[in-house]
Amino acid sequence: MHAVDPTRLDLCREFRDNPIGRHSPDLQKLVKLLRWERIESRYLLVQPRRGDPWFLAHTTGPKAHALEIFRDHGFPDLPSAYWALFKARWEANTDERLVLDGVDDPVIPRPGEGDLTLNASDRPILSYSDVFSTEPGGRVEFKVSAEGDAPYHAEIVRLRCGDGTPEGPAFHETPVESAVTGDYPARAQTIDVGSYIDVGQPDAFELESFTLQAYVWPTTPGKGEQAILANWDEDAKHGFALVIDEEGGAALYLGDGKDNFILGTGVPLLERQWYLLTASFDGATRQAWIGQRPLVQLPHGDTTASGASGVDLSPVRGPGLRIAAWAGDGGRYNGKIDSPVVGNRALSTGARDAVMAHAVPADLSDALVARWDFSQEMSGTRIVDVSGNGHDGATVNLPTRAMKGWNWDGTEYNWARKPEHYGAIHFHDDDLYDCGWATDFAFEVPRDLKSGIYCAKMTRGDHEDYCPFVVRPPLGTATAPLALLLPTASYWAYADRHSEVEWRERENVTGYWAALDPSALYLHEHPELGCSLYDEHADGSGVCYTSRLRPILNMQPKEKLWQFAADTHITDWLEAKGIDYDVITEDDLDAHGYELLRPYKCVMTGTHPEYPSLRMQEAYETFKNEGGRFIYFGGNGFYWRVSYHPDLPGVLEMRRAEDGIRSWLADGGEYYHSFTGELGGMWRRMGRAPQSVAGTGMAAQGFDYSCPYERTEASHDPRAAFIFDGIGDDEKIGDFGVLGGGAAGWEVDRADTALGTPPHALTVATATDFTHAYHWVKEELTHTHSANTGETSPMVRSDMVFYETPKGGAVFSTSSIAWAAALSHNDYDNNVSRISENVIRRFCDPAPI
Ligand SMILES: [Fe+2]
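Residues numbered from 1 in each chain as written. Predicted model: local features only at pLDDT ≥ 70, side-chain atom pairs only at ≥ 80, totals over all residues. Heavy atoms only, no water.

**Remarks on the pairing of strand β21 (residues 335-343)**
1) Next: With respect to burial, β21 is a largely interior element, eight of its nine residues being buried.
2) Next: The sheet contact formed by strand β12 (residues 210-218) and β21 spans seven bridges and is antiparallel. Paired with Y215 across the two strands is D338, which belongs to β21.
3) Next: Pairing analysis gives four bridges linking β21 to strand β26 (residues 424-427), with the strands arranged antiparallel. Among the inter-strand pairings, G335 is bridged to a residue of β26, identified as F427.
4) Next: For β21 and strand β22 (residues 368-373), the ladder comprises three bridges, and the chain directions are antiparallel. (Buried < 20%, exposed > 50% of the residue type's maximum accessible area, 1.4 Å probe, protein only. Helix = DSSP H or I, 4+ residues; strand = E, 2+ residues; numbered from the N terminus. Pairing = 2+ DSSP bridges.)

**Describing the coordination of the iron ion**
1) Next: Of the protein atoms, only Y494 (OH), Y534 (OH), H608 (NE2) and E610 (OE) coordinate the iron ion, at distances of 1.8 to 2.8 Å.
2) Next: Around the iron ion, the four donor atoms sit at angles spanning 69 to 137°, and that spread fits a shape best called irregular.
3) Next: In terms of primary sequence, the donors binding the iron ion are separated according to Y-x39-Y-x73-H-x1-E. Here the residue Y534 occupies a position in the loop between α8 (518-525) and β32 (545-547), and E610 occupies one in the loop between β34 (602-605) and α12 (614-625), the gap between them amounting to 76 residues. Neither residue differs from the other here; Y534 and E610 are each classed as buried. (Donors = N, O, S within 2.8 Å, 3.2 Å for Na, K, Ca; no water. Tetrahedral: all angles 85-135°; square planar, octahedral: opposite > 155°, others 65-115°.)

**Here we look at the side chain of H645**
1) Next: Considering the arrangement of structural elements, one finds H645 in the loop between β37 (643-644) and β38 (651-653).
2) Next: A relative accessible area of 8% means that H645 is categorised as buried.
3) Next: One polar contact links the side chain of H645 to the main-chain carbonyl oxygen of S379, over a distance of 2.7 Å.
4) Next: For H645, the side chain forms a polar contact with the main-chain nitrogen of L648, separated by 2.9 Å.
5) Next: Residues contacting H645, with those up to four places away along its chain left out, are S379, G380, V651 and F675. (Polar contact = N/O pair within 3.5 Å; in protein donor to acceptor, adjacent residues only side chain to side chain. Contact = heavy atoms within 4.5 Å.)

**Some points on empty space enclosed by the protein**
1) Next: Applying the stated criterion to the full structure yields seven cavities of 30 Å³ or more.
2) Next: The volume enclosed by the largest cavity comes to roughly 140 Å³.
3) Next: Lining the largest cavity are 14 residues, with C467, P468, W492, R548 and I552 positioned closest to its centre.
4) Next: Listed by contribution, the elements that provide at least two residues to the lining of the largest cavity are β5 (125-129) and β29 (463-471).
5) Next: For the lining of the largest cavity, the class distribution of residues is nine nonpolar, three polar and two charged.
6) Next: For the second largest cavity, the calculated volume is near 100 Å³.
7) Next: In this structure, the second largest cavity is lined by 15 residues; those nearest its centre are D431, L432, V543, Y545 and T546.
8) Next: With three residues, the single largest contributor to the lining of the second largest cavity is β32.
9) Next: Per-class residue counts for the lining of the second largest cavity are seven nonpolar, five polar and three charged. (1 Å grid on protein atoms, 1.4 Å probe; cavity = no way out; pocket = protein on both sides within 12 Å on 5 of 7 lines; lining within 4 Å. Points joined across faces, edges and corners; volume = space filled by probe spheres on them. Nonpolar A, V, L, I, M, F, W, Y, C, P; charged D, E, K, R; others polar.)

**Side note on the environment of T349**
1) Next: On the secondary structure map, T349 appears in helix α4 (residues 349-358).
2) Next: For the pair T349 and A566, spaced 217 residues apart in sequence, the C-alpha separation works out to 66 Å.

**Concerning the domain arrangement of the chain**
1) Next: Each domain of the chain was delimited in the assignment, giving domain 1 (9-117), domain 2 (125-163 + 171-191 + 435-471) and domain 3 (196-427).
2) Next: The straight-line distance from the C-alpha centre of domain 1 to that of domain 3 is 47 Å. (Domains from an automatic or database assignment.)

**Describing the nonpolar core**
1) Next: With 111 residues, the main nonpolar core has W819 and I835 as its most contacted residues.
2) Next: In terms of residues, this core owes the most to one element, helix α15 (residues 831-844), which gives six residues.
3) Next: Setting aside residues no more than four positions away along its own chain, W819 makes contact with F633, Y709, I733, A743, M800, T814, V832, I835 and S836.
4) Next: The next biggest cluster of nonpolar side chains, apart from the first, holds 43 residues, and it includes A250, L254, W372 and I383. (Core = buried A, V, L, I, M, F, W, Y, C linked by side-chain atoms within 4.5 Å.)

Okay, here's the thing in C-alpha cells:
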C-alpha cells in the first residue's frame, strides 16, 4: 500500500519538468511517500560552503553521524538538485533505475560510492557575546574561537538588511567607526558539552571502603562507558566509580594509577527502565561487589544481575566526585539519576541480598558520606547534600530538572506540590549552557549611537562570522515613536536547530526537501554547539532549555530567511521609508515588563514572535490598555510559554506539553517548568489564546507557496479607511514576495471571537488560496481528516485584523510570516508596503484612534 509504483513514469516526468511547481494529486502522493525515508538512511542535499553546488548525500544517522557526500554529483541550483534527489529516493524505493525516454540522468550514486565524512563543513571563526541587548554607554564583550594561526579582522557594523539571497532586497550593512576595528590573533576556544554535577572535594571521597548507590533510568545504555557516581580520573585511571560499562551493564571501576580493575554485571540495562545500581568495596578484605536490579520485574528477559570479586589493588585518591561524568575524556551519561548516595563502608552479604531481592536501597544511615536530594532547590544549580556533611554540588551545563523520579506514581503532576516525586535529574551528553570562553575584544557603545541592530563582523580571507546585538535606548526613554520589538525568545528557541536531518516528518511538514545549508551541515558535524528547543537530545528526549551563551549559527545575517535574517526585512524597509524607529528585544521585555514599552506610541513585532513569557503577555495587555498601538507583524505569534531563568543570564525554558504543532512531545507529568514552576505548553491551553493578544492566532503552516490577501467588506468601514488609503477596492494585496511569492504564507493566523478576538475587531482582508501543504493546526481539531488542508479547509486562512483599544490605542495584525518579505517588492513601491506605511504612520500619530 505504501510502496512506490514503478510503472508511473508519467509522475516522474511531471516532477522532472517542474520540480518546485504545483503538482498533480498523484504526484503529491508519490512525493509524500518519498519523504518518509528514515533518518538513518536517506538521500538528501548538502551545500558545504556558500556558493558551492548542492551535492547529493546519504545519511547514516542523526547529528555526529557521518554523512556520505557524493562530490561527483553536484548541482548548480536547487531545482536540478531536487530532481536528482527525487530520482535517488525513487530508485532507493523501487530498486530500479529511473530511465525516462531512454535517458538515465542524472546517474544516481549508491551508498558506498561517496565520501563518508564529518569534516565537510568549514567554519573556522565562531563567536558569541555576553549580552545581546545593551544601551548607549554599555559594553558588549565578544568571545571568539578562530582556528589556525592567521589573525582575523574585526569591526562593528550597523545592519540594515541581512538578506543574503539574490531574490531579496540587497544586503546592507554600514561600518561603524570604533576602537574594535583591527586585526586580532586567532585562538581556538573549546566547548565542554554535556551536563553533570560537580561535587569535587577529593578529601571527602578518599575512602578506604565505600558503597555507591543510585536509581538510574538510562536512555542510551548501549552508547559506551558512562559515569553514574565517579571519583575517577579517566586519563590517570585512578579512583573509583559506579558506571555503565562498554557492555551496557552496571560496573565498578577501581584504579591505582597503574592498573585498573573492572567488575561488571555483564547484563545490559534496558533503556528507559528504572534500576537500583549498587557498587561496594571493602578495603580491608579487598572484596568488590556490583549489583543492578530493575524496579519493575518483567516476566521475560530479567536484567537483574550482580557480581563479586576479590581485588588485588587498592584504589588511590581520586580527583573528586562527579555525578553523570568523570574527570577526563568521555564518560558523559544520558538518562536520569535519582537519590545518589555515597557510604563509607562496604555492604554486608545480607544487605546485598536485600538490595537484589527488593530493589530497596541499602541502609547506610550510620555510614553516610553524602546523600544528594535532587528535589531540593529545583530551579537552581546547587545540589543539596542532605547527609549533614555539607558535600553540596553544582550542576554544569544545565541538566533537566523537575523530572519524574523513580517513585513517581501519577498522584501529582506539578512538581512544586510533590517535589519528592520529582527527585530525578535528566542528564544529556549534548546539554550546553555557557561555553565560558574568554573575551577577545569588547565594544564600548558610544553614548550617541543610534538604536538599531549591530554586529561584530569577523573576517579572514573568504570566511566570515557575524555576532549580532541590539542597541536600545535607556530604559524608560525612546528616541522615536516606534519600537521594533525583536522576538529574541524565538531566536533562542530556534538557536542552532538540527531538524533538517533529524526530524523525520520535516519534509512532509514543510513541503520541501531536506537541503543542508553550510550552517545546518556544520551543526550536524559539531554537536558540541548544543541544541535548539526544536531538537531532541542525542538520547531522543526533548530539549527544554536553550541558551544564547554559545555560537549561534542560524541567527546571523545571510542565513536562512527565518527569524533574525527575516526580521531585517523590516529594518530594511523602515530605513527605505525614512521611518524612525528604536529596536528593543523580548529579553528586555521579560526583564522590565511594560516599563520598556511605555515610552512608545507604537510597538511592532518581528515576523515570528512565537515564544512569549508571562511578563511579556502582561506587558502587551497593559500597553494596549494604556492607549498604545500594537502591530503584530508576523505569524504564529504568542503560541508557546517560556520562562527565563530567575538568576542565570541568557537561558530560557519551555515544555512542549499537551498539544500544538511541535517537533517533540513532552512526557506526561513533566509539563511544569523547573525554572519557575509555571505550567509549560501552549498559551491557548492556559486560557490565553494568541487571538487575545493581537486578534489573530495560529491557523496553519505550510512552506511551499504564499498567496495574496483580498479585501473584505469590513475593509470599507470608515474606521479602516486609513489602512487602505491608496489601495484599490479589488486589488490583490501581496501577490508577490520573497517567501513563496506572496505576502500571506509560511505560518498564518486567523481571527476568532471565541478565542479572544474582540467583537468589534474588523477583519479587513483575508488570504485563503493555500495549497495542500498547509494544514489546519492540530490543537483545533477534534478529528483528523483529509479536508484539513489549505485546498479545502475554511479554517486555513490568514486574516488581517484591525481594532481599537482603550484610551485611543489600536491593534493591527498582518497574521503572516511572509508579509515582511514582500515589503521590498518593486523597489518598496507596492501595496504591502503601502498598507504597512499607512498603519505605522497613523499608529505613530498621537491623535486618538
Ligand atoms: Fe515556530
